[in-house]
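Given next are the chains, with one letter for each unit.
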Amino acid sequence: MDFTLSSEQQMIVETVRAFAVKELYPFEDEVERDDSVRPELRRQIIERSRELGLFAANMPEEHGGAGLDNLSLALLSRELGRASMALQWIVARPSNILQACVGDQVETYLRPTCRGERLECLALTEPGAGSDLRAMTTRAVRDGGDFVINGQKHFISNGTEADYVILFTVTGEEDTPRGKSKKMTAFLVDMGTPGFEHRRGPSCVSHKGYHQAELFFSDCRISENQILGEEHKGFDVANVWLGATRLEVAAMCIGRAQRALEMSVEWAAQRKQFGQTIGRFQGVSFKLADMATQIAAAELLTLHAAWKLDQGTMTDMDAAMAKLHASEMLAMVTDEAIQIFGGMGLMDSMPLERFWRDARVERIYDGTSEIQRHIISRSLLRAQGG
Ligand SMILES: Cc1cc2nc3c(=O)[nH]c(=O)nc-3n(C[C@H](O)[C@H](O)[C@H](O)COP(=O)(O)OP(=O)(O)OC[C@H]3O[C@@H](n4cnc5c(N)ncnc54)[C@H](O)[C@@H]3O)c2cc1C
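The rules behind these values
Residues numbered from 1 in each chain as written. Predicted model: local features only at pLDDT ≥ 70, side-chain atom pairs only at ≥ 80, totals over all residues. Heavy atoms only, no water. Helix = DSSP H or I, 4+ residues; strand = E, 2+ residues; numbered from the N terminus. Buried < 20%, exposed > 50% of the residue type's maximum accessible area, 1.4 Å probe, protein only. Near = heavy atom within 4 Å. Polar contact = N/O pair within 3.5 Å; in protein donor to acceptor, adjacent residues only side chain to side chain. Nonpolar A, V, L, I, M, F, W, Y, C, P; charged D, E, K, R; others polar. Axes fitted to C-alpha atoms, helices over the stretch in contact; angles between N-to-C directions. Parallel < 35°, antiparallel > 145°, perpendicular 65-115°, else oblique. Left-handed = near helix turned anticlockwise from the far one by under 90°. Contact = heavy atoms within 4.5 Å. 1 Å grid on protein atoms, 1.4 Å probe; cavity = no way out; pocket = protein on both sides within 12 Å on 5 of 7 lines; lining within 4 Å. Points joined across faces, edges and corners; volume = space filled by probe spheres on them.

*Asks:* With reference to specific residues and values, describe unusual backbone geometry.
*Replies:* Of note in this structure, A56 is not a glycine but carries a positive phi near 50°. Within the element layout of this structure, A56 appears in the loop between α3 (39–51) and α4 (70–80). By relative accessible area, which is 0% here, A56 ends up buried. Of note, the phi angle at F274 is positive, near 50°, even though the residue is not glycine. Take F274: it is sitting in the loop between β9 (272–273) and β10 (276–277). The class for F274 is exposed, based on a relative accessible area of 79%.

This is the structure we're talking about:
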């Protein structure tokens with residue numbers, strides 16, 4: 001097995017690392033303080049990342065993206081993940097799901113999103129349907145060539161900033177061997193459509209400046225032309241997207257953990273107590289060893305899964321293992337980093353307390369750790385008929 005990066009991949013790593021350091025790090029404190037990103041700063045990040053060919057890196061070149069393979073994309077996300085979420089997500093990797101756009105949808109949604117002119121958000125979660133998406137109750141009822149939508153979504157990232165939502169709704173029911181099951185359909189719904197309201201949700205402890213919204217649909221009428229993918233095939237569309245997104249979360253966790261480790265090593269090598277640098281105490285140096293080992297393990301799982309995705313062989317279990325381990329590793333690494341820094345680690349003059357707060361959400365969104373364990377154990381047991 002050859003683990004060497006190609007010269008193009010090496011260049012991606014170096015370019016994105018330099019971009020994060022120069023274009024994102026300097027604004028992290030401002031975003032944390034204001035809990036928002038200035039519109040001019042947002043435009044500047046879009047422009048600079050487009051100049052470097054980093055914008056919409058996951059999307060095909062024919063639609064204006066960079067057309068990167070999944071392994072290169074994981075490397076890009078790892079490097080961007082070093083920076084604050086509110087800033088790094090602006091270097092958009094639009095939902096893969098948009099590749100299901102057809103006809104007019106391509107010019108109305110897909111291509112403007114790849115150019116940074118329009119922004120999407122993606123709405124699955126509801127107050128009564130989190131891990132259990134089949135408990136969804138937001139319903140779209142066909143009325144001739146239209147659909148009428150009623151229901152509510154919450155925790156929708158960028159829901160207040162977005163121009164449109166990729167909305168998942170219930171559109172029917174079917175009999176399965178395990179009883180009745182809901183049929184889902186995905187739609188593209190513009191903000192401002194009558195009957196569609198949104199508002200900012202509660203503040204989150206993680207990722208300041210990256211907000212979540214609540215969406216409300218009350219007799220919201222849209223055309224059948226706004227179906228994304230096929231009617232009743234919403235779960236199929238979502239499944240195409242979920243695996244790749246989990247790898248992206250895993251890759252971003254690795255980048256942030258590497259930054260926390262680098263800071264910790266530097267601190268342990270220069271901070272003195274009892275007449276020597278604290279890195280000379282095994283109580284500190286062994287933490288560094290564990291942090292580095294766990295990061296390396298998460299990286300191997302993630303890059304391997306991304307490579308398998310490129311070969312068309314990635315399983316749900318591969319993506320689940322990468323997301324599970326990388327997000328739990330980040331929690332451990334950021335916590336230990338704070339321990340190594342002592343009181344200084346908790347002060348907001350350093351980014352560590354932010355990394356620690358930001359790490360918390362990674363074990364919850366895009367499938368909680370328990371759901372990832374469920375996917376992994378189900379795959380193991382099913383193979384034995386269990
Ligand atoms: C900051 C943030 C951004 C988000 N962005 C988006 C977004 O853009 N779009 C979107 O649609 N959603 C988004 N979400 C929602 C996110 O995906 C859900 O929060 C997540 O899937 C968990 O759902 P829940 O919060 O309702 O928790 P629940 O599903 O209520 O889970 C509560 C607890 O029960 C456990 N649990 C549930 N079922 C099982 C089971 N079968 N076995 C074992 N344990 C179980 C969970 O692991 C968890 O510990 C976001 C959430 C956050 C916090």
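*Asks:* Could you give an account of the site of the ligand, naming the residues involved and the relevant values?
*Replies:* The full set close to the ligand counts 17 residues, and T125, S131, F155, T368 and E370 are the nearest of them. Contacts to the ligand include S157, whose side-chain N or O atom sits 2.8 Å from a nitrogen atom. Among the elements of the structure, β1 (120–123), β3 (146–157) and α11 (369–382) are those that each provide at least two residues to the shell around the ligand. Ranked by residues supplied to the shell around the ligand, first place goes to β3 with three residues. Grouping the amino acids of the shell around the ligand by side-chain chemistry returns nine nonpolar, six polar and two charged.

*Asks:* Please give an account of the packing of helix α9 (residues 316–341) against helix α10 (residues 352–362) that cites residues and values.
*Replies:* Contact geometry of α9 with α10 gives a least axis separation of 9 Å together with a crossing angle of 155°. Relative to α10, the element α9 lies roughly antiparallel. In the crossing of α9 with α10, the sense of the turn from one axis to the other is left-handed. Residues K323, S327, L330, A331, T334, D335, A337, I338 and F341 of α9 lie in contact with α10, whose contacting residues are L352, E353, F355, W356, A359 and E362.

*Asks:* How would you summarise the layout of surface pockets if you had to cite specific residues and measurements?
*Replies:* In this structure, the second largest pocket spans a volume of roughly 480 Å³. The wall of the second largest pocket is formed by 17 residues, among which R134, T176, R178, S181 and F235 lie closest to the centre. The element that contributes the greatest number of residues to the lining of the second largest pocket is strand β5 (residues 179–190), accounting for six residues. Residue classes in the lining of the second largest pocket are distributed as three nonpolar, five polar and nine charged.

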